[in-house]
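# Structure assessment
As a plain string of letters, each chain reads:
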Amino acid sequence: MAKVYWPYFDPEYENLSTRINPPSVSIDNTSCKECTLVKVDSMNKPGILLEVVQVLTDLDLTITKAYISSDGGWFMDVFHVTDQQGNKVTDSKTIDYIEKVLGPKGHASASQNAWPGKRVGVHSLGDHTSIEIIARDRPGLLSEVSAVLADLNINVVAAEAWTHNRRIACVLYVNDNATSRAVDDPERLSAMEEQLNNVLRGCEQEDEKFARTSLSIGSTHVDRRLHQMFFADKDYEAVTKLDDSASRGLEPKITVEHCEEKGYSVINVSCEDRPKLMFDIVCTLTDMQYIVFHATISSSGSHASQEYFIRHKDGCTLDTEGEKERVVKCLEAAIHRRVSEGWSLELCAKDRVGLLSEVTRILREHGLSVSRAGVTTVGEQAVNVFYVKDASGNPVDVKTIEALRGEIGHSMMIDFKNKVPSRKWKEEGQAGTGGGWAKTTFFFGNLLEKLLP
């Protein structure tokens, strides 16, 4: 019998271009007085822009300007960034992390370089199990979900939840309270999923969309996963407009034009600036299978202007009105999902099973609805952030806030902040204070600083 010879393919062949032309990253703190310049040069590849923007935003850095060029097989970007206080990035650990992740070694093992606490979607993530929930939002839903987990002796060690257009998407990291390990018993997982689905079935009345719970397999950045869940849920089909007269000027203005000379579709976004705005837009374009070839990002005061030159991955541009309208709606939804007005409640307490259930129950008993939430654990301390409104979606009365402070404050570190549109607080002479969209981000601020060594 004749031998059959097959050609040999070096498994490292795919990385050959990267090894010949390794990426370079430089951190420049001398060229600009106001900000740090992060310069990235590398071989171009699908999704590389999102990877870079994701690294910067996960470090809670604000991108004030950016110049993107990725034509001709080469990726050349310059980002102007500041920290949350508007200062240059001078922390050596942060600079080393950026250089490591975006440099040659980082690109060789990009899947291992996620910023801590930003990966979800794996059945067992280390010593945690990941749960994904999407359903119709209603007052008290988060309290009911956390109560189910507490009754099963399952501890929530981290979570993030967004609401948009009367829908809620939530990702929770949980473990067995007795062992502090991932929940891997099939019967227990089945019981947990069944009970959670029973809670969510109460959300389906008068709703065409189905609620669902999943223990998913895969690996995705948590913010990106929330965008993907809403996108799959088609929340963009009914984009909510801001009704408040003080907020009407904050609506994003998005246009789609055609560039005949280069064969690109040009997307212009003009809106109120806020942290992670660029990430939300680039994430949405990437998940819609569009490639960004050039982009210019700028911000002035509370206003942001972003321009993207794109094509679909098949090389086509946005030629029909239907395609253009869909992209505009999806970007509007992506911008709105992370916006939160009103009161934010930040609290810190010793981590224990049932803590999230207790806090959300108290919020529900005071007639408050959670519009956005984040939970993390640092050592033995749990740090929670909730953006709240009353059950009708209106701002919370100050008396209610004081009642909450009196009930919770004796057993937990607690802080309240009132988030108002940046244009409004700037007009009131409060620019530069802690409030407003321009400074509102989803991180745990001073509470985490007190806990970290």
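Given the structure is predicted, the values throughout are model-derived calculations rather than measurements.

## A few points about the packing of aromatic side chains
The tally for this structure, following the rule as stated, stands at 4 aromatic pairs. With a centroid separation of 5.4 Å and an interplanar angle of 35°, the aromatic rings of Tyr 264 and Phe 293 are classed as tilted. Of the two residues, Tyr 264 sits in strand S13 (residues 264-272) while Phe 293 sits in strand S14 (residues 290-300), which places them 29 residues apart along the sequence. A relative accessible area of 2% means that Tyr 264 is categorised as buried. Ring centres 6.4 Å apart and planes at 80° place the aromatic pair Trp 343 and Phe 416 in the edge-to-face group. Residue Trp 343 is found in strand S16 (residues 342-350), and its partner Phe 416 is found in strand S19 (residues 413-419); the two are separated by 73 residues along the sequence. A connected cluster of aromatic rings, assembled from ring pairs, spans Tyr 264, Phe 293 and Phe 309. For Arg 311, the ring lying beneath its charged end belongs to Phe 293, and the centroid distance is 4.7 Å.

## A closer look at the nonpolar core
If you look at the biggest cluster of nonpolar residues, it comprises 52 residues, and the most contacted ones within it are Leu 49, Leu 56, Phe 79, Ile 267, Met 278, Leu 285 and Tyr 308. Setting aside residues up to four positions removed in sequence, Leu 49 forms contacts with Ile 68, Phe 75, Asp 77, Phe 79, Met 278, Val 282 and Val 292. Judged by nonpolar contacts, the second largest core, of 46 residues, contains Val 148, Ile 168, Leu 189 and Trp 343.

## Looking at helix H11 (residues 398-408)
Among the residues of H11, those classed as buried are Thr 400, Ile 401, Leu 404 and Ile 408. Projected onto a plane normal to the axis of H11, the buried residues spread over an arc of 100° and lie on a single side. Residues Lys 399 and Gly 406 are exposed on H11 and point more than 90 degrees away from its buried face. Regarding H11, its N-cap is Asp 397, as a side-chain oxygen of that residue lies 2.7 Å from the backbone nitrogen of Lys 399 further along.

## Section: the packing of helix H2 (residues 48-58) against helix H8 (residues 277-287)
The geometry of H2 relative to H8 is characterised by a closest axis approach of 10 Å and an angle of 150° between their N-to-C directions. The angle between H2 and H8 places the two elements in the roughly antiparallel class. The interaxial crossing formed by H2 with H8 has left-handed handedness. Residues Leu 49, Leu 50, Val 53, Gln 54 and Thr 57 of H2 form the contact with H8, whose own contacting residues are Met 278, Phe 279, Val 282, Cys 283 and Thr 286. Of the residues that constitute the contact of H2 with H8, the class distribution is 7 nonpolar, 3 polar and no charged.

## Focus on the confidence of the model for the protein chain
Reading fine detail from the predicted coordinates is not recommended where pLDDT is low. Counting all residues, the mean pLDDT for the protein chain is 80, and 77% of those residues have values of 70 or more. Confidence drops under a pLDDT of 50 for residues 108-125, and excluding neighbours within four residues, the segment shows 53 contacts in the predicted structure. When the criterion is pLDDT under 50, residues 421-453 qualifies, and its contacts beyond four places in sequence or with other chains add up to 86 contacts.

## Digging into the sheet that holds strand S2 (residues 36-43)
Here we have 8 strands laid out as an open sheet, ordered S1-S2-S4-S3-S14-S15-S13-S12, and antiparallel in their pairing. Strands with a single pairing partner mark the edges of an open sheet, and in this sheet they are strand S1 (24-28) and strand S12 (253-259). Between one strand axis and the next, the sheet turns by 20° as a mean value, whatever way the strands run. In terms of strand pairing, S14 meets strand S15 (residues 303-312) through 10 bridges, oriented antiparallel.

## Topic: unusual backbone geometry
Here Asp 60, not a glycine, exhibits a phi torsion of approximately 60°, which is positive. Mapped onto the elements of the fold, Asp 60 is located in the loop between H2 and strand S3 (62-69). A positive phi angle, close to 60°, is found at Asn 153, a residue other than glycine. Asn 153 sits in the partly exposed class, given a relative accessible area of 31%.

## Let's talk about the pattern of salt bridges
When charged atoms on two side chains of opposite charge get close, those side chains can pair. Per the stated rule, a full pass over the model turns up 18 salt bridges. Across the pair Lys 324 and Glu 321 runs a salt bridge whose closest N-O atoms are separated by 3.9 Å. Taken together, the residues span about one helical turn, with Lys 324 and Glu 321 both in helix H9 (residues 321-337) at a distance of 3 residues. Look at Glu 321 and you get exposed, because its relative accessible area is 59%. Between Arg 405 and Glu 402 there is a salt bridge; the shortest N-O distance is 3.6 Å. Of this pair, Arg 405 and Glu 402 both sit in helix H11, 3 residues apart, roughly one helical turn.

## Some thoughts on the pairing of strand S7 (residues 128-136)
For S7, the buried fraction is high: 8 of the 9 residues fall into the buried class. Where S7 lies against strand S9 (residues 167-176), 8 bridges are found, and the strand directions are antiparallel. When the bridges of S9 are listed, Ser 130 appears paired with Tyr 173. Strand direction decides the pairing type here: S7 and strand S10 (residues 212-214), joined by 3 bridges, are antiparallel. The residue of S10 that forms the bridge with Ile 133 is Thr 213.

## Structural notes on the environment of Asn 87
Positionally, Asn 87 belongs in the loop between strand S4 (74-82) and helix H3 (92-102). For Asn 87, a relative accessible area of 44% corresponds to the partly exposed category. Each C-alpha atom, one on Asn 87 and one on Thr 36, is 8.4 Å from the other, the two residues being 51 residues apart in sequence.

## Overview of the packing of helix H7 (residues 222-232) against H9
At a closest axis distance of 11 Å, the pairing of H7 and H9 adopts a crossing angle of 135°. On the basis of their axis angle, the class for H7 and H9 is oblique. Crossing of H7 against H9: the hand is right-handed. Touching His 227, Phe 230 and Phe 231 of H7 are Arg 326, Cys 330, Ala 334 and Arg 337, all from H9.

Conventions used here
- Each chain carries its own residue numbering, running from 1 in the written order of its sequence.
- Only residues with pLDDT of at least 70 are given local features in this predicted model, and only at 80 or more are side-chain atom pairs given and counted; all residues enter the totals for whole chains, interfaces and linings.
- To obtain the side-chain values, all non-hydrogen atoms of the structure were used and water was disregarded.
- Whether two aromatic rings pair depends on their centres lying within 6.5 Å, for rings of Phe, Tyr and Trp, where Trp uses its six-membered ring; planes under 30 degrees apart make the pair stacked, over 60 edge-to-face, and the rest tilted.
- For helices the rule is a DSSP run of H or I covering at least 4 residues; for strands it is a run of E covering at least 2, with both sets numbered from the N terminus onward.
- Exposed residues in this analysis have more than 50% of their type's maximum accessible area, buried residues have under 20%, and partly exposed residues fall in between, with area computed by a 1.4 Å probe over protein chains only.
- Note on criteria: charge over ring means Lys NZ or Arg CZ within 6 Å of the ring centre, with the direction from the centre no more than 35 degrees off the ring normal.
- Grouping buried Ala, Val, Leu, Ile, Met, Phe, Trp, Tyr and Cys residues that are joined through side-chain atoms within 4.5 Å yields what is termed a nonpolar core.
- By definition in these notes, contact holds between two residues if any of their heavy atoms fall within 4.5 Å.
- The directions from the helix axis to the C-beta atoms are what the arc is built from.
- Polar contact criterion, stated in full: a pair of N or O atoms within 3.5 Å, where within protein one must be able to donate a hydrogen and the other to accept it, and residues adjacent in sequence count only if both atoms are side-chain atoms.
- Orientation is described by lines fitted to C-alpha atoms, with helices fitted over the stretch in contact, and by angles between N-to-C directions that extend from 0 to 180 degrees.
- Orientation categories follow fixed angle ranges, with anything under 35 degrees roughly parallel, anything over 145 roughly antiparallel, 65 to 115 roughly perpendicular, and all other angles oblique.
- Take the far helix as your reference; a near helix turned counterclockwise from it by less than a right angle gives a left-handed crossing, and one turned clockwise gives a right-handed crossing.
- Following the grouping adopted for this structure description, the nonpolar residues are Ala, Val, Leu, Ile, Met, Phe, Trp, Tyr, Cys and Pro, the charged ones are Asp, Glu, Lys and Arg, and the polar ones are all others, Gly among them.
- Per-residue confidence from the predictor is reported as pLDDT, which spans 0 to 100.
- When DSSP locates at least two bridges between a pair of strands, those strands are taken to pair.
- Counted as salt bridges are all cases of a side-chain nitrogen of Lys or Arg within 4 Å of a carboxyl oxygen of Asp or Glu.

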